[in-house]
Amino acid sequence: MDIILYIILGIVGIITLLTVAEITILIRKKPAKELPDKGENGYYSSLPDGRKFEELYIFLSGDDTAPFFSESDAYEMLLRQCSYMEKRFDCADFRAQLLFKIYKDCGEKLSSRCRELIKNTFLGFKYFMDEPGDDSMCFWSENHQIMFAVAEYLAGQEWPKEKFTNNGMTGEEHRKKAEERIEIWMRHRFLYGFSEYLSNNYLAEDISPMANYIAYCRNEESVNRMKMIMDILWLDVALNSVNNRFVAVSSRMYGNNKAGNYYGNSIQSAMNVLWGREIAENLLNNSRLSETEKALVRISCEKQPGHILICFTDIVKKGIYTLPEAIKDIALCRESFVSKMSCGLSSRDMENEGLIGKNPEGIMAQWGAETFTNPEAIESTLAYVKENKLYRNSFIGYFKFLNITVLRFVNWRKFARKHNIMPHGIATGRGNVYAYRTARYMLSTAVNNSVGMCGAQEHVWTADLGENLTLFTTHPAGNGKGRYGSSPGYWIGNGRRPFSVQHKNINITIYKLPEKLRLGETGISDITHAYMPKCFYDEFILSENVVFARKNGVFVAFIADGEQEFLPFDEKSLKGLLKNKSFPEFIPSGEFDLIRKGGKYHTYITELSDEEAENFSEFRERIMKNKIRFSENGSVYYETADGALFASFDGEFTVNGEKQNTEFDRYDSIFCRSPRKAETIVVNGVNTGLILDYNHNLRKEFRGEEDVRAD
């Protein structure tokens, strides 16, 4: 018996030693470089004198307002962008868009060495994860998918017989390879919407390659389909923006994107060329708007496109893409309306749709929605990472530790289903978006969105009140201290996602504070908090658990189930929210972080109104008379002018006793009604309409004598 025991112990010891050695080797294999070092980072952007990449295109296009570039200046600027691509730093695909546009639109004005530099850069680039080479480029998220695919397609189309040096394929072979991914990407967007839905950060990265494809692809049928997807993107924005401001709920946003249109709307310049100037003219004639707000409107309306968005704004100015009038009608509409829409796919949706697997369509569906470890997807994730040797990629290289010998027989799907680990919350999932828009403000909610899960970059609910003013709450990831700019962190995403619902101008959000760490978490927080910069409101009153505030004729009631208090001004916390500091007078000063501490549940009620309906005194008096009953089990009853609402963390939501559906059709508003996976989408404006039929490749506008909006 002793011998058998020694043998067993010996085997265990050997396995342990081999496992330790295997892990040690893996740890020593450092990931590929993701970004330039801090000191060299400046080399890859603007010229030392501040001239920008997009200004080179403007100059070469013959615009006299652009700064002058000599031939050597042009070469130096292009070399900086090409070097970034050649070193395969993350977001190299962003540089590829304007580089190709310059080559196509301004080639006759470039020297031969400039043209050769661009050409050779495209011939040597890596376009997808199945190609040779270690790097830390992100190929898989929704915006990167179309960035890389369009760059590959257009390069292959431009140089069809050339040999591309990274994998030895010809340009024509690359074009065909990219064509498959582009078709998958377009079809998924038409059927399911955007996974990175309503992201005022990431939609900018979709617009640029889509614009290049529309401008330069020689396949007219495919171009027409891409125009349909562009229409859908702008339909989403039109429905979920107000007064040329776009800060809606989203699956992926950062602190500045959430804090206000002025700070973080990356598609502002694109909105300006489509409808912004008409809206600005109306706003600037509004005598009730403060001079500060008017100044912000002017600044936003004058915002010029960077090297990403200029690809889009250029094709609009040239008439290559024209926004359908029905969509513009929605953006300009001054009437109040409710809009519901459904975007993206949950991991369960993907499994039901047959989109789980390591084939291109499966990986694009799963990883485009950041779905890596969820039970339905984890096995295909591990197989694809191993098959394509992606272990040195800094974003997903940690999967190498799941491939060590002793773990190869683990049933990872079963493990992922049993353990609700932190990385499950990275998945963007399906967004069921409820928005209520008036002529002054917008309130929107991603209703009942993965409640109780860990978060990543989701923005669950928001009130858009002005150019530099929003209202939202989060449960900080981590221990509630620091991590101000982290993702997830203090302001970005959530430690735990709340149950959040909406009825017209009222949002109810309920958090259940965590008691135990989940695998992958570093800490848990016992606070929730609201972004509420007092200095930006025209009037602000806080009394224990209730806030009343007024801004430009918009009224806010913000009610918590316990006492709230402001944290002292914290510059480091503010930096996690703001990037744009061009105008110091528009940056918050004083208290802005309103917190609620302790307990098991934190419940918030937000009701909005404006001076078209009542004055501020009447609003406050009415709200104070409303019936409110908070329960210790995470439920609330709220009776107000628009009805009696009941919500509970366990998923119940009723209005006047009637259960509310929290899973929506693809579109449901007076402008468009369409089920999920619809073959045809019809949009109705004021006197115009739009038919989009993907299968029959039909994109057609129609015009009627009277209002043609849906009943």
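Given the structure is predicted, the values throughout are model-derived calculations rather than measurements. (Residues numbered from 1 in each chain as written. Predicted model: local features only at pLDDT ≥ 70, side-chain atom pairs only at ≥ 80, totals over all residues. Heavy atoms only, no water.)

**Q** Go over the overall build of the protein, please, and point to the residues and values.
**A** Helix and strand content of the protein: 21 helices and 24 strands. Taking 2.2 N^0.38 as the reference for a compact globule, 711 residues should give roughly 27 Å; the C-alpha atoms of the protein span a radius of gyration of 26 Å, in line with that estimate. Seen through its principal axes, the protein has C-alpha atoms that stretch 90 × 75 × 50 Å. Split into buried and exposed, the 711 residues of the protein put 59% on the buried side. Of the contacts formed within the protein by residues at least 6 apart in sequence, a portion of 71% connects residues at least 24 apart. Summed over all atoms, the accessible surface of the protein reaches about 28500 Å², with 50% contributed by carbon and sulfur. Computing the positive centroid from 88 side-chain charges and the negative centroid from 96, the protein places the two 5 Å apart. (Helix = DSSP H or I, 4+ residues; strand = E, 2+ residues; numbered from the N terminus. Rg over C-alpha atoms; globule rule 2.2 N^0.38 Å. Buried < 20%, exposed > 50% of the residue type's maximum accessible area, 1.4 Å probe, protein only. Contact = heavy atoms within 4.5 Å. Areas by Shrake-Rupley, 256 points an atom, 1.4 Å probe, with all protein chains shown as cover. Lys, Arg positive; Asp, Glu negative; His and termini not counted. Charge placed at Lys NZ, Arg CZ, Asp CG, Glu CD.)

**Q** Could you give an account of helix H18 (residues 378-387), with specific residues and numbers?
**A** All of the buried residues along H18 are Ile-378, Ser-380, Thr-381, Leu-382, Tyr-384 and Val-385. Taken together, the buried residues of H18 touch helix H17 (360-368) and helix H19 (412-418).

**Q** Let's hear about the sheet that holds strand E7 (residues 506-512): which residues, and what values?
**A** In a beta sheet, neighbouring strands are held together by backbone hydrogen bonds and run either parallel or antiparallel to one another. Read across the sheet, six strands follow the order E6-E7-E14-E11-E10-E9 without closing on themselves; strand pairing throughout is antiparallel. The sheet is open, and its two borders are formed by strand E6 (499-503) and strand E9 (539-543), each paired with just one other strand. Each strand of the sheet is rotated relative to its neighbour by a mean of 10°, with strand direction disregarded. Here seven bridges tie E7 to strand E14 (residues 601-610), and the two strands are oriented antiparallel to one another. Looking at the pairing, Thr-509 lines up with Tyr-604 of E14. In the packing of helix H21 (residues 616-625) onto the sheet, contacts are made with E9, strand E10 (546-551), strand E11 (554-560) and E14, and the angle to E10 comes to roughly 160°. (Pairing = 2+ DSSP bridges. Axes fitted to C-alpha atoms, helices over the stretch in contact; angles between N-to-C directions.)

**Q** Let's hear about the pattern of salt bridges: which residues, and what values?
**A** Should their charged atoms come close, side chains of opposite charge can pair. One pass over the full model with this rule turns up 47 salt bridges. In this structure, Asp-73 engages Arg-51 in a salt bridge whose closest nitrogen and oxygen atoms are separated by 3.0 Å. Separated by 22 residues along the polypeptide, Asp-73 in helix H3 (residues 71-86) and Arg-51 in the loop between helix H1 (2-28) and helix H2 (53-60) bring together distant segments of the chain. For Arg-51, a relative accessible area of 15% corresponds to the buried category. Glu-614 serves as the salt-bridge partner of Arg-622, at 3.0 Å between the closest nitrogen and oxygen. The exposure class assigned to Glu-614 is buried, which follows from its relative accessible area of 12%. The structure contains a network of salt bridges with shared partners spanning Lys-101, Asp-105, Asp-314 and Lys-318. (Salt bridge = Lys/Arg side-chain N within 4 Å of Asp/Glu carboxyl O.)

**Q** Lay out the confidence of the model for the protein with the relevant residues and their values.
**A** For the protein, per-residue confidence averages 94 on the pLDDT scale, and 97% of positions sit at 70 or higher. Note on residues 705-711: pLDDT under 50 across the span, and 21 contacts to partners over four residues away in sequence or across chains. (pLDDT = per-residue confidence, 0-100.)

**Q** Explain the packing of aromatic side chains residue by residue, including any values.
**A** Applying the stated rule across the entire model yields 51 aromatic pairs. For the pair Phe-59 and Phe-69, a centre-to-centre distance of 5.9 Å together with 45° between the ring planes defines the contact as tilted. Within this pair, whereas Phe-59 is found in helix H2, its partner Phe-69 is found in the loop between H2 and H3, the two being separated by 10 residues in sequence. Taking the relative accessible area as the measure of exposure, Phe-69 reaches 4% and is therefore buried. Ring geometry for Phe-100 against Tyr-216: centres 5.8 Å apart, planes inclined by 70°, an arrangement best described as edge-to-face. A residue pair is termed long-range when its members are at least 10 positions apart, and Phe-100 in helix H4 (residues 92-106) and Tyr-216 in helix H8 (residues 203-216) qualify at 116 residues. Every member of this aromatic cluster is reached through a ring pair, and the members are Trp-140, Trp-367, Phe-372, Tyr-384, Phe-395, Tyr-398 and Phe-399. (Phe/Tyr/Trp six-rings, centres within 6.5 Å; stacked < 30°, edge-to-face > 60°.)

**Q** Can you lay out the packing of H8 against helix H14 (residues 310-317) for me, pointing to particular residues and giving the numbers?
**A** One can describe the packing of H8 onto H14 by two numbers: an axis separation of 7 Å at closest approach and a directional angle of 40°. Taken as axis vectors, H8 and H14 run oblique relative to one another. As H8 packs across H14, the resulting crossing turns out to be left-handed. Across the interface between the two elements, Ile-207, Ser-208, Ala-211, Asn-212, Ile-214 and Ala-215 from H8 touch Cys-311, Phe-312 and Ile-315 from H14. (Parallel < 35°, antiparallel > 145°, perpendicular 65-115°, else oblique. Left-handed = near helix turned anticlockwise from the far one by under 90°.)

**Q** So what's going on with the sheet that holds strand E4 (residues 461-466)? Which residues, and what values?
**A** Taken in spatial order, the 10 strands of this open sheet run E12-E13-E8-E5-E4-E3-E2-E1-E20-E21, and their pairing is antiparallel. A single partner strand is all that each edge strand has here, and the edge strands are strand E12 (565-566) and strand E21 (673-674). Examined bridge by bridge, E12 and strand E13 (residues 593-597) share two bridges and lie antiparallel to one another. Within E13, the residue paired with Phe-566 across the bridge is Leu-594.

**Q** Just give me the short version of the pairing of E9, but keep the residues and values in it.
**A** In this structure, E9 lies alongside E10, joined through five bridges in antiparallel fashion. Of the residues in E10, the one forming a bridge with Ile-541 is Phe-548. The antiparallel pairing of E9 with E10 creates a hairpin that spans two residues between the two strands, and Glu-544 there sits at a positive phi of about 55°.

**Q** Talk me through unusual backbone geometry; I want residue IDs and the actual numbers.
**A** The omega angle of the peptide bond from Ser-487 to Pro-488 is 0°, so this bond is cis rather than trans. Here Pro-488 lies in the loop between strand E5 (469-474) and E6. If you check the backbone angles, Arg-88 has positive phi at about 55° while not being a glycine. Taking relative accessible area as the criterion, Arg-88 reaches 14% and is therefore assigned buried. Positive phi outside glycine occurs at Asn-656, with the angle close to 55°. Tracing the backbone through its elements, the reader meets Asn-656 in the loop between strand E18 (653-655) and strand E19 (658-659).

**Q** Explain the packing of H3 against helix H5 (residues 112-123) residue by residue, including any values.
**A** When two helices pack together, their arrangement is given by the angle between the helix axes and by the axis-to-axis distance. At a closest axis distance of 10 Å, the pairing of H3 and H5 adopts a crossing angle of 5°. As the angle between them shows, H3 and H5 are arranged roughly parallel. Between H3 and H5, the residues in contact are Glu-71, Ser-72, Ala-74, Tyr-75, Leu-78, Leu-79, Cys-82, Met-85 and Glu-86 and Arg-113, Cys-114, Leu-117, Ile-118, Thr-121 and Phe-122, respectively. Residues belonging to the contact of H3 with H5 are distributed by class as follows: 10 nonpolar, two polar and three charged. (Nonpolar A, V, L, I, M, F, W, Y, C, P; charged D, E, K, R; others polar.)

**Q** Outline the state of the cysteines, supporting the account with residue identities and numerical values.
**A** In this structure the tally under the stated criterion is zero disulfides. Of all cysteine sulfurs in the structure, the one in Cys-138 sits closest to Cys-91, which takes part in no disulfide; the separation is 7.7 Å. (Disulfide = S-S within 2.5 Å.)

**Q** Describe the nonpolar core, with residues and values.
**A** Counting 131 residues, the largest nonpolar core has Leu-78, Phe-122, Trp-234, Trp-275, Phe-312 and Trp-367 as the members making the most contacts within it. Once you skip the residues sitting within four places of it in the chain, Trp-367 turns out to touch Met-129, Trp-140, Ser-141, Gln-145, Phe-372, Thr-381, Tyr-384, Val-385, Leu-390 and Ile-396. Tyr-484, Phe-540, Ala-549 and Phe-558 belong to the second-largest nonpolar core, a separate cluster that totals 42 residues. (Core = buried A, V, L, I, M, F, W, Y, C linked by side-chain atoms within 4.5 Å.)

**Q** Can you break down the side chain of Lys-227 residue by residue, with the values?
**A** With respect to the element layout, Lys-227 can be found in helix H9 (residues 220-239). Asp-231 provides the closest opposite charge to the buried, unpaired Lys-227, separated from it by 8.7 Å. Excluding anything up to four places from it in sequence, Lys-227 contacts Ile-214, Ile-320, Tyr-321 and Arg-699.

**Q** Let's hear about the pairing of strand E2 (residues 431-437): which residues, and what values?
**A** Counted residue by residue, E2 has seven buried out of seven residues, so it is predominantly covered. What you see with E2 is no split at all: Gly-431, Val-433, Ala-435 and Arg-437 on one side and Asn-432, Tyr-434 and Tyr-436 on the other are buried throughout. Note: strand E1 (residues 337-343) against E2, seven bridges, orientation antiparallel. Looking across to E2, one finds that Val-338 is bridged to Tyr-436. Summarising the sheet, E2 and strand E3 (residues 442-446) pair through five bridges and their orientation is antiparallel. Looking at E3, one finds that Tyr-436 is bridged to Leu-443. Following E2, the chain reverses through four residues before pairing antiparallel with E3.

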